[in-house]
Amino acid sequence: METVWINGEFKPLSEGHVGLEDRALLFGEGIYEVIAAYQGVPILLEEHLERWERSAAGLRLPLPYTRDQRREVLMELIARSGSDRISLYGQLSRGESRRAHQFPATPKPNEFWFARNLAKYPPELHEKGVKVYTHLDERWARRWIKSTSLLPNCIAKQYATERGGFEAILFNEENIVTEGAVANFWVVKNGVVYTHPANGRILGGCKRAMVLELARAAGIDVREETYSVDFMMQADEAFLTSTTINVLPVVKADDMAIGSGTPGALTRRLMELVDAEISSIIEAASAPAVQSGT
Ligand SMILES: Cc1ncc(COP(=O)(O)O)c(C=O)c1O
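Residues numbered from 1 in each chain as written. Predicted model: local features only at pLDDT ≥ 70, side-chain atom pairs only at ≥ 80, totals over all residues.

This part takes up the site of the ligand. The full set close to the ligand counts 14 residues, and Leu203, Gly205, Cys206, Lys207 and Thr243 are the nearest of them. Counting only elements with at least two residues in the shell around the ligand, the list comes to α6 (206-217) and β13 (237-242). If one sorts the elements of the shell around the ligand by residue count, α6 sits on top with three residues. In terms of residue class, the shell around the ligand is built from five nonpolar, six polar and three charged. (Near = placed C-beta within 6 Å. Helix = DSSP H or I, 4+ residues; strand = E, 2+ residues; numbered from the N terminus. Nonpolar A, V, L, I, M, F, W, Y, C, P; charged D, E, K, R; others polar.)

Written as structure tokens, this is what we have:
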């Protein structure tokens, strides 16, 4: 049975409810997070909790619980799930109030979290890479907030899906590639890895930050710089990153091959580095605590 924790209580998922006038429902005025946990260990937990707090501040949403309380809830959900691979989904809204655009004077925030089995992607996805389709980035200016208002992302993802693509790659009015509908996007050209700067025009992914750190530590030339759709089409390699896909090679864009049309060497190197980092996070968290003292 799936469990939800909602406003302080654990319940069967089917019994968790918010009212019809919840402002996330009426206005898309909420934030969310998705966190992966393998073998009982959440990955990049503090980074996700920090982004949650940043996103809430970005919408001036009051936080009804402390980070310690939230972490405890998540660990309990992981334990109750009894599964080796889960994703934790959390959402926070300003809560219910009589419908009006301006914020209610006394908000009653709704916060909930639930755990889901995280199905393994078919291995050929990472082995062979995926196709993407480009779509105009129609989102608002505060993309650094992980907001539940995802309509432009849904439309773009649907556009790509209907063409048999895995992801939509978004570009702005200046032809600059920003990111994917549900993931960060990267290209490789002449041995240099490029990704759009986390300057508010993209969602700064937690996996993106991990990849930047691992790449730099490995001496890979990685640059947070903008690049155009043309540059992307001429790239040697491309890949996506996110919590659930980790590093996923992209081999075709708009039905044209990127580079050789197969996952590139740097992409594969970064896939290995991320896999190894996740294994070491799991190992470190699972190791018995060293006894201090004599
Ligand atoms: C628009 C967008 N960009 C990037 C990401 C990747 O973020 P993360 O690595 O934290 O999963 C996501 C994930 O949901 C996303 O929705």
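Still more ground to cover, so stick around.
Helix length check: helix α8 (residues 265-286) (22 residues) gives 32 Å between terminal C-alpha atoms against 32 Å at 1.5 Å per residue, within 8%. Looking only at α8, the buried set comprises Leu266, Thr267, Leu270 and Met271. Each buried residue of α8 sits inside an arc of 145° when the element is viewed along its axis, so together they form one side. Relative to its buried face, α8 has exposed residues pointing more than 90 degrees away, namely Ala265, Ala276, Ser279, Ser280, Glu283 and Ser286. (Expected span 1.5 Å × (residues − 1). Buried ≥ 20, exposed ≤ 12 C-beta atoms within 10 Å, placed from the backbone. Arc of directions from axis to C-beta.)

Right, let's get into the nonpolar core. One recurring pattern in soluble globular proteins: nonpolar side chains tend to sit buried together. Counting residues in each nonpolar core, the largest one holds 57 residues, and the members touching the most others are Leu77, Leu88, Val132, Ala168, Val187, Ala238 and Val250. Residues from two domains meet in this core; each of domain 1 (3-117) and domain 2 (123-280) gives at least three. In terms of nonpolar packing, the next biggest core, distinct from the first, is built from five residues, Ile31, Ala56, Leu61 and Leu92 among them. (Core = buried A, V, L, I, M, F, W, Y, C linked by C-beta atoms within 7 Å. Domains from an automatic or database assignment.)

Where strand β1 (residues 3-6) meets strand β2 (residues 9-12), four bridges bridge the pair, whose relative direction is antiparallel. Bridge pairing in β2 links Val4 to Lys11. Where β1 folds back onto β2 in an antiparallel hairpin, the turn is made up of two residues, including Asn7, whose phi is positive at roughly 45°. (Pairing = 2+ DSSP bridges.)

So, about the domain arrangement of the chain. One can read the domain layout of the chain as domain 1 (3-117) and domain 2 (123-280). Using C-alpha coordinates to define each centre, domain 1 is positioned 26 Å away from domain 2. Facing the 20 residues of domain 1 at the interface are 13 residues of domain 2. Mapped by element, the contributors of at least two residues to the side of domain 1 that touches domain 2 are β3 (30-38), α2 (45-58) and β5 (85-93). Looking at which element gives the most residues to the side of domain 1 that touches domain 2, the answer is β3, with eight residues. When its residues are assigned to classes, the side of domain 1 that touches domain 2 shows 10 nonpolar, seven polar and three charged. (Contact = placed C-beta atoms within 7 Å.)

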